[in-house]
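For reference, the chains in residue letters:
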Amino acid sequence: TFNTSGSGSAYGSQNERMRIDNNIMTLTGLQGIKFQATQSASSDANVLDDYEEGSYTPTFTCTGVTFSSYAYQAGYYVKIGKMVNVFAAISLSAVTGTAGNGNTVLVTLPFSQQSGSLYWIAGSVGHWSGLSSTVYGLFCEADAGTTIRLRKMPSASTGTTDLVGSDMTSSTFIAVSLTYPTSS
C-alpha cells in the first residue's frame, strides 16, 4: 500500500493512493488502470485485460502475381486492448506471373481490423527500395480484414494511386508501421 497526506507531511491523515493485492495493482482515490495478474475479460473499463506482443510472418499479396520467394520477412506487434501496433519488413527475391500487374499490392496483418468508416487507418512506410519505377512517397492504408493496401505518389505533382504488381521487382524491400483497432 502507498499512502500520502494532504500536506505532504509524514504525519497526519494518510490517504491510500495505490494498493497491490494478489498481483493486481489498483490506483485508489484516482481514476487509473488496473493490471490483472492473468489475462481475463472484465466489464470494468479501467482494467487492462488484454496485452499481447509477438511476431508474425508478413507477406505481399496481389491477385495474378506470385511473390514466390522472400529474402526477408519479419513482423512484430504489440496489442493493448483493441489497439494493435504493427511493424513489418518484407524483401522479395522472386516475382512470377504478370496477369495481375495492374492489381493492388496488399500486406498481411496479424489481426483483423475493426470495420466501419470511423476506423479509417493510415500508416507509414519507413523505407522502400527496389521498385520498378520512381516513387516520391509511399504509405499504407486500411484495406479489409487482415490486409493493408500500399499507396504511392508517382510524381511530386500528382495525387496517390495504388502500388500495383508491375511496381514490384525481385529486389523490392518495404518496411511499414501502423496502429489500428482490431475487431477482437
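Data block above holds the structure.
Quick look at the structure, then.

Procedures and definitions
Residues numbered from 1 in each chain as written. Predicted model: local features only at pLDDT ≥ 70, side-chain atom pairs only at ≥ 80, totals over all residues. Heavy atoms only, no water. Helix = DSSP H or I, 4+ residues; strand = E, 2+ residues; numbered from the N terminus. Contact = heavy atoms within 4.5 Å. Buried < 20%, exposed > 50% of the residue type's maximum accessible area, 1.4 Å probe, protein only. Polar contact = N/O pair within 3.5 Å; in protein donor to acceptor, adjacent residues only side chain to side chain. Core = buried A, V, L, I, M, F, W, Y, C linked by side-chain atoms within 4.5 Å. Pairing = 2+ DSSP bridges.

### Looking at the environment of G145
Along the chain, G145 falls in the loop between β12 (137-144) and β13 (147-153). In the structure, G145 is positioned 34 residues away from F111 in sequence and 7.8 Å away in space, judged by C-alpha atoms. Leaving out residues up to four positions away in the same chain, G145 has contacts with F111, S112 and Q113.

### Some words on the side chain of T108
Here T108 shows up in strand β10 (residues 106-108). With relative accessibility at 16%, the residue T108 sits in the buried group. Of the polar contacts made by the side chain of T108, one reaches the backbone nitrogen of T59; its length is 2.9 Å. With near-sequence residues (within four places) excluded, T108 lies in contact with Y56, T57, P58, T59, T61, T146 and T147.

### A word on the nonpolar core
One finds F60 and L150 to be the most contacted residues of the largest nonpolar core, which totals 30 residues. Elements that contribute at least two residues to this core include exactly β8 (66-80), β9 (83-96), β12, β13 and β15 (173-181). No other element matches β9, which puts five residues into this core. The contact partners of F60, leaving out residues within four places of it in the chain, are F67, Y70, I90, L92, V105, L106, V107, L150, M168 and I174.

### So, the pairing of β9
As judged from the 12 bridges shared by β8 and β9, these two strands associate in the antiparallel manner. Considered in β9, the bridge of S69 is made with A94. The antiparallel pairing of β8 with β9 creates a hairpin that spans two residues between the two strands, and G81 there sits at a positive phi of about 60°. Pairing geometry for β9 and β15, over nine bridges, is antiparallel. The residue bridging A89 from the neighbouring strand is A175, located in β15.

These results come straight from atomic positions and should not be treated as a statement about function.
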